[in-house]
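Chains, contacts and geometry: an overview
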Amino acid sequence: MPRTSTYETVLDAGQFTPTQLGTTAVGRLAFQAGARWLRDHVCSHRALVAEHRVGFVLWSWQLEYASPLGFLDADAALVDVRARLRGPASSQLEVEMTLRGPAGVAVRTRGASVPLRLGGDQALSGTPAPLPGTLVAAFEDDEFERSPHRSAVRALRARFERDGERLAAGTTSYRVHRHHCEVADQWYWAETLGFAAGAREELVRRHGRSAPELRRALADGIRRVDVTWLRSGQLWDLLEIRSTAYRHGDELAFVHEIGLAEDDGGPCALVVERI
């Protein structure tokens, strides 16, 4: 059984919307959980970067809300996190987190990152490279999985485009500022969840009168989020988020393509939110 790190995290009002833990807050908790597991069982995130010249770039992440958890329900929640190496030559690090409140597991997340060999500059730029053997050796036998983690985002988007009923579409712009960034002055991945959430709310504001079903996205909260990152946004980039809402059976879905304004190099990230 893969090793698990378990600890308590204090909850505060800023992490919650009126309906649930906010997606960005969950992203931050998941990132810290992964850093906690690495510190407990391999080495700290700081040591990875400063001593081993190794970084990780997140490319796939899923969030599932399992049971209700509101700000008034608990002072703290219990975090369980475990990790393993996946794919040929241990080319991915997969981290799974659960967050438990009084009603049981409230949130589940799973993320997959690709290791980088860092060049040593302040931007923490790097190229994909196998994890050094000294770090691989810190993982136990049952913390390896030969099959790679696969992202479901493109298949989800194709399914909604093919089989869903399009309800609304629109574009929202954001500038990447320093409070959206991490130490390397590129966007902190969890902030892209907030960009998508803001774009969803704008779509509901603009089209909620003509398509009342969209209002469920504010009244009921989110059930699941799937994300893939294809390239990073940098400090002061102007982002353009193209959002489309679909009805698919009983499901309401929002598909967000986050790219750079006036740039045809393809999307930086794809986010699918489901109600």
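Positions within a chain are numbered from 1, following the residues in the order the chain's sequence is written. Side-chain atom pairs in this predicted model are given and counted only at pLDDT of 80 or more, local residue features only at pLDDT of at least 70, and totals for whole chains, interfaces and linings cover all residues. Side-chain figures throughout are based on the complete set of non-hydrogen atoms in the structure, without hydrogens or water.

Another aspect to go through is the pairing of strand β5 (residues 104-118). The pairing criterion for strands is at least two bridges between them, as found by DSSP. Working definition: helices are DSSP H or I runs of at least four residues, strands are E runs of at least two. Numbering for both runs from the N terminus. As paired elements, strand β2 (residues 54-65) and β5 share 11 bridges and run antiparallel to each other. What sits directly across from G55, in β5, is L116. Pairing of strand β4 (residues 92-101) with β5 involves nine bridges; the strand directions are antiparallel. Among the inter-strand pairings, T98 is bridged to a residue of β5, identified as R108. In textbook terms, the turn of a hairpin is the stretch between consecutive antiparallel strands, and for β4 and β5 this stretch comprises two residues.

What follows concerns the pattern of salt bridges. A carboxyl oxygen of Asp or Glu within 4 Å of a side-chain nitrogen of Lys or Arg is what we treat as a salt bridge. Here the structure, examined in full by the defined rule, presents 31 salt bridges. Between R28 and E191 there is a salt bridge, with the nearest N and O atoms lying 2.7 Å from each other. One end of the pair, R28, is in helix α1 (residues 23-41); the other, E191, is in helix α5 (residues 189-207), and 163 residues separate them in sequence. Working definition: with a 1.4 Å probe on protein chains only, accessible area under 20% of the residue-type maximum means buried, over 50% means exposed, and in between means partly exposed. Taking the relative accessible area as the measure of exposure, R28 reaches 38% and is therefore partly exposed. The salt bridge partner of R274 is E251, with a shortest N-O separation of 3.7 Å. Of this pair, R274 sits in strand β12 (residues 269-274) while E251 sits in strand β11 (residues 251-260); the two residues are 23 residues apart in sequence, bridging distant segments of the chain. What makes R274 buried here is its relative accessible area of 10%. Residue classification places E251 among the buried residues on the basis of a relative accessible area of 12%. Three or more residues joined by partner-sharing salt bridges are found here, namely R159, R223, R224, D226, E251 and R274.

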